[in-house]
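A look at the structure
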Amino acid sequence: QFDLVLCNDCLYVPDLHKALLETICSSLSLDGIALICFSLHMTAPKPQIFGFFDLARSLGLQVDAFGERQLPSRCANMPPERSYVYAYTMRRVHIVD
């Protein structure tokens, strides 16, 4: 298991969110942190993409917004939202007795 799991640009297929979260959970050490960075690819409605984090919470992960930033577009015909980057952290929730 790993102290840091990096996930970059992996949320654009909502049908794979559960499998991705299962992989993250099985790879994350007890005190580890996952950094999830992504932009919207317009492959699914925004609520479905952000539903990844609701599913993560339902699996016992703490989800926190880390930051977001508009980056320059790579192509003249690319909509600005396509190069807007979101970053979140996820970690296991520790229950204190």
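Below is a short write-up of the structure. Since this is a predicted model, take the numbers as computed values, not measurements.

In summary, soluble globular proteins display a tendency toward joint burial of nonpolar side chains. Judged by nonpolar contacts, the single largest core of 23 residues is most densely connected at Leu11, Ile24, Ile36, Phe38, Phe52, Phe53 and Met90. Those elements giving two or more residues to this core turn out to be strand E1 (2-8), helix H1 (17-27), strand E2 (28-38), helix H2 (46-58), strand E3 (61-70) and strand E4 (84-92). It is H2 that provides the largest number of residues to this core, a total of five residues.

With that settled, consider the packing of aromatic side chains. Considering all chains together, one arrives at ten aromatic pairs under this definition. Seen from their ring centres, Phe38 and Tyr86 are 5.3 Å apart, and the 20° between their planes marks the pair as stacked. A residue pair is termed long-range when its members are at least 10 positions apart, and Phe38 in strand E2 and Tyr86 in strand E4 qualify at 48 residues. You can call Tyr86 buried: its relative accessible area is 8%. Taken together, a centroid distance of 5.1 Å and an interplanar angle of 90° make the contact between Phe52 and Phe53 edge-to-face. Here Phe52 matches Phe53 in class, with each residue buried. By the ring-pair criterion, three or more aromatic residues cluster together here, those being Phe38, Phe50, Phe52, Phe53, Tyr84, Tyr86 and Tyr88.

For the rest of this paragraph, the subject is the sheet that holds E4. Read from one edge of the open sheet, four strands run E1-E2-E4-E3, paired in mixed fashion. Each edge of the sheet is formed by a strand with only one pairing partner; in this case those strands are E1 and E3. Sheet twist, expressed as the average angle between the axes of neighbouring strands with direction ignored, equals 15°. In terms of strand pairing, E3 meets E4 through nine bridges, oriented antiparallel. Bridging from a neighbouring strand, Glu68 pairs with Tyr86 of E4. Here H1 sits on the sheet and contacts E1, E2, E3 and E4; the angle it forms with E2, its principal contact strand, is near 140°.

His17, Leu20, Leu21, Ile24, Cys25 and Ser27 are the residues of H1 that are buried. Looking at the buried positions of H1, the neighbouring elements they touch are E1, E2, H2, E3 and E4.

Rules used in this analysis
- Residues numbered from 1 in each chain as written.
- Predicted model: local features only at pLDDT ≥ 70, side-chain atom pairs only at ≥ 80, totals over all residues.
- Heavy atoms only, no water.
- Core = buried A, V, L, I, M, F, W, Y, C linked by side-chain atoms within 4.5 Å.
- Buried < 20%, exposed > 50% of the residue type's maximum accessible area, 1.4 Å probe, protein only.
- Helix = DSSP H or I, 4+ residues; strand = E, 2+ residues; numbered from the N terminus.
- Phe/Tyr/Trp six-rings, centres within 6.5 Å; stacked < 30°, edge-to-face > 60°.
- Pairing = 2+ DSSP bridges.
- Axes fitted to C-alpha atoms, helices over the stretch in contact; angles between N-to-C directions.
- Contact = heavy atoms within 4.5 Å.

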